[in-house]
Amino acid sequence: MKIAFWATGVTANNYLNEGIEKYAARIGRYTSFEMQEIIIAGKKRSQNPEQVRETEKDAVLKRLQNTDHLVLLDERGNQYTSRQFSQYLQQLLNHVSGRMVFLAGGAHGFHEQLYERKQAMLALSAMTMPHDLVRVVFLEQLYRAFSILGNEPYHH
């Protein structure tokens, strides 16, 4: 089983990059793990929200495989405690045969086609948070879920 975490844009804050690298390395001890920043190159990036969503959608769909299980990190998704998330992750590990792709979108949310393509949505909090911070929070929770599944002391 391979798990991928994709996020649109670049993390510009070094202190957040340190956290991202730390948790990505820890997750890699449990499973095959990849992280991608989806960077839109070329023309100057549009400020029109619909055009931004369209461009980001195209970049994501280009990378997705038919067998990928797509989970959108979205404020309207299911919220879990850390233990509940570890149980959800275990269900995915047991039943998903393709790659699991967790996707953090941009500031304007996801294009409708990504909502149609997804298998699930996950909310990290009812609160809004910066997209860079979402990366660290999600990766820490993914690491925590694996440590819970492994009955390790990190969660305590």
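Residues numbered from 1 in each chain as written. Predicted model: local features only at pLDDT ≥ 70, side-chain atom pairs only at ≥ 80, totals over all residues. Heavy atoms only, no water.

### Section: the packing of aromatic side chains
And step 1. All told, the structure shown has 10 aromatic pairs when counted by the stated rule.
And step 2. Ring centres of Tyr23 and Tyr143 lie 6.1 Å apart, and the angle between their planes is 40 degrees; on these two criteria the pair is classed as tilted. Taken together, the residues Tyr23 in helix 1 (residues 14-27) and Tyr143 in helix 5 (residues 131-149) connect sequence positions 120 residues apart. Both residues of the pair, Tyr23 and Tyr143, count as buried.
And step 3. Look at Tyr80 and Tyr88: their rings are 5.2 Å apart centre to centre, the planes differ by 20 degrees, and that puts the pair in the stacked class.
And step 4. Note on Tyr80: relative accessible area 31%, which makes it partly exposed.
And step 5. A relative accessible area of 12% means that Tyr88 is categorised as buried. (Phe/Tyr/Trp six-rings, centres within 6.5 Å; stacked < 30°, edge-to-face > 60°. Helix = DSSP H or I, 4+ residues; strand = E, 2+ residues; numbered from the N terminus. Buried < 20%, exposed > 50% of the residue type's maximum accessible area, 1.4 Å probe, protein only.)

### Here we look at the pairing of strand 4 (residues 100-104)
And step 1. In terms of residue burial, strand 4 counts as a mostly covered element, since 5 of its 5 residues are buried.
And step 2. Here strand 4 shows no split at all, with Met100, Phe102 and Ala104 on one side and Val101 and Leu103 on the other all buried.
And step 3. Of the strand pairs in this sheet, strand 1 (residues 2-8) and strand 4 are connected by 5 bridges, and their pairing is parallel. Along strand 4, the bridge assignment pairs Phe5 with Phe102.
And step 4. Sheet topology note: the strand 3 (residues 69-78)/strand 4 ladder contains 5 bridges and is parallel. Opposite Leu73, over in strand 4, you have Ala104 as the bridge partner.
And step 5. You can see the chain leave strand 3, run along helix 3 (residues 82-95) and come back into strand 4, and the turn it takes is right-handed. (Pairing = 2+ DSSP bridges. Right-handed = clockwise from strand over helix to strand, strands pointing away.)

### Notes on the pattern of salt bridges
And step 1. Counted by the stated rule, this structure contains 9 salt bridges.
And step 2. Here Arg53 makes a salt bridge to Glu50, at a shortest N to O gap of 3.0 Å. Separated by 3 residues within a single helix, Arg53 and Glu50 lie in helix 2 (residues 49-63), roughly one turn from each other.
And step 3. Its relative accessible area of 39% is what places Glu50 among the partly exposed residues.
And step 4. Between Asp74 and Arg76 there is a salt bridge, and its shortest N-O distance comes to 3.3 Å.
And step 5. Each of Lys2, Glu34, Asp68 and Arg99 takes part in a single network of salt bridges with overlapping partners. (Salt bridge = Lys/Arg side-chain N within 4 Å of Asp/Glu carboxyl O.)

### Re helix 3
And step 1. In this model, helix 3 (14 residues) spans 20 Å end to end at C-alpha, consistent with the 20 Å of a helix rising 1.5 Å per residue.
And step 2. Residues Ser82, Phe85, Ser86, Tyr88, Leu89 and Leu92 constitute the buried set of helix 3. For helix 3, the buried positions fall inside an angular range of 160 degrees around the axis, keeping them on one side. With respect to the buried face of helix 3, the exposed residues turned more than 90 degrees away are Gln87, Asn94 and His95. (Expected span 1.5 Å × (residues − 1). Arc of directions from axis to C-beta.)

Functional significance is not addressed by these values, which are geometric in nature.
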